[in-house]
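Chain and residue survey
What follows is the residue order along each chain.
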Amino acid sequence: MKKQLKALVVTAVTAACIAGSAMSSFAAPRVGWVDVKNSWYYYDENSNPVTNQWVEYDGDLYWVDDTGKMLVQTWVKDGDSWYWVNSQGTRLVDCWIPITNNWYYVGEDGRMLANTWFTEGNKTYYFTADGSAAKGWVEIDGTWHYFDRTNGDMKRGTTIDGYYVDADGNYVA
């Protein structure tokens, strides 16, 4: 009886292994976006995870980190440039980004503006080294300017704190 039970167990284990092997060979390969525990990963046509790069999908760009996980609601550094991805992971372009009482702007290519002037409509802004819009009194290239403390637009032809700024936004002594 023991021999028969042992043979039955060996046969059952062998059959289970063969069935498992056959099933795994029929499993669909991972290609494209895959949801793993509420995080999205991207796999190439060979089922390899794509890492540290932009993935284009339906005309939008998404960043996947060194594990292949899509980043969301954060800044992404790619080379020497910074980009913002929203809560869906999409790289934003040509728009304002409010973060913790600061304003940032990403251009048409999605790069964050920094150390530069920017004009939109009739308003002028200056983006500092960290990319945030200047606020208050700021000296730029030896000239003082005043930027609204709420929205960052440069004031012109007015008196601020008893100091006059001309029509170009320059402090006049």
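Our structure's up above, just so we're on the same page.
**Examining the sheet that holds strand 15 (residues 171–172)**
A sheet is described by the order of its strands in space; here 3 strands give the open sequence 13-14-15, paired in antiparallel fashion. In the strand order of this sheet, the two ends are held by strand 13 (158–160) and strand 15, each with one partner.

**Some words on the nonpolar core**
Judged by nonpolar contacts, Trp33, Tyr42, Val50, Val55, Tyr62, Val64 and Met70 together constitute the single largest core of 7 residues. Beyond its immediate stretch of four places on either side in the chain, tyrosine 62 contacts Trp33, Gln53, Trp54, Val55, Tyr57, Met70, Gln88, Gly89 and Thr90. In terms of nonpolar packing, the next biggest core, distinct from the first, is built from 6 residues, Tyr126, Ala134, Val138 and Ile140 among them.

**Points about the packing of aromatic side chains**
Tallied over the full model, the rule gives 20 aromatic pairs. With a centroid separation of 6.1 Å and 70° between ring planes, the pair formed by tryptophan 96 and phenylalanine 118 is classed as edge-to-face. Of this pair, tryptophan 96 sits in strand 7 (residues 95–99) while phenylalanine 118 sits in strand 9 (residues 116–120); the two residues are 22 residues apart in sequence, bridging distant segments of the chain. You can call tryptophan 96 partly exposed: its relative accessible area is 22%. Relative to phenylalanine 147, the ring of tryptophan 117 lies with its centre 6.1 Å away and its plane at 40°, an arrangement referred to as tilted. Here tryptophan 117, found in strand 9, pairs with phenylalanine 147, found in strand 12 (residues 143–147); they are 30 residues apart in sequence, far enough to count as distant. Among the residues examined, tryptophan 117 registers a relative accessible area of 36% and is labelled partly exposed. Relative accessible area serves as the criterion here: at 0%, phenylalanine 147 is assigned to the buried category.

**What about the pattern of salt bridges?**
Inspection of the entire model under this criterion finds 3 salt bridges. With a closest N to O distance of 3.8 Å, aspartate 148 and lysine 155 form a salt bridge. Judged by its relative accessible area of 23%, lysine 155 falls in the partly exposed class. Where salt bridges share partners, they join Asp148, Asp153 and Lys155 into one cluster.

Criteria and thresholds
Residues numbered from 1 in each chain as written. Predicted model: local features only at pLDDT ≥ 70, side-chain atom pairs only at ≥ 80, totals over all residues. Heavy atoms only, no water. Pairing = 2+ DSSP bridges. Helix = DSSP H or I, 4+ residues; strand = E, 2+ residues; numbered from the N terminus. Core = buried A, V, L, I, M, F, W, Y, C linked by side-chain atoms within 4.5 Å. Buried < 20%, exposed > 50% of the residue type's maximum accessible area, 1.4 Å probe, protein only. Contact = heavy atoms within 4.5 Å. Phe/Tyr/Trp six-rings, centres within 6.5 Å; stacked < 30°, edge-to-face > 60°. Salt bridge = Lys/Arg side-chain N within 4 Å of Asp/Glu carboxyl O.

Take it as geometry only, folks, not as evidence of what the structure does.
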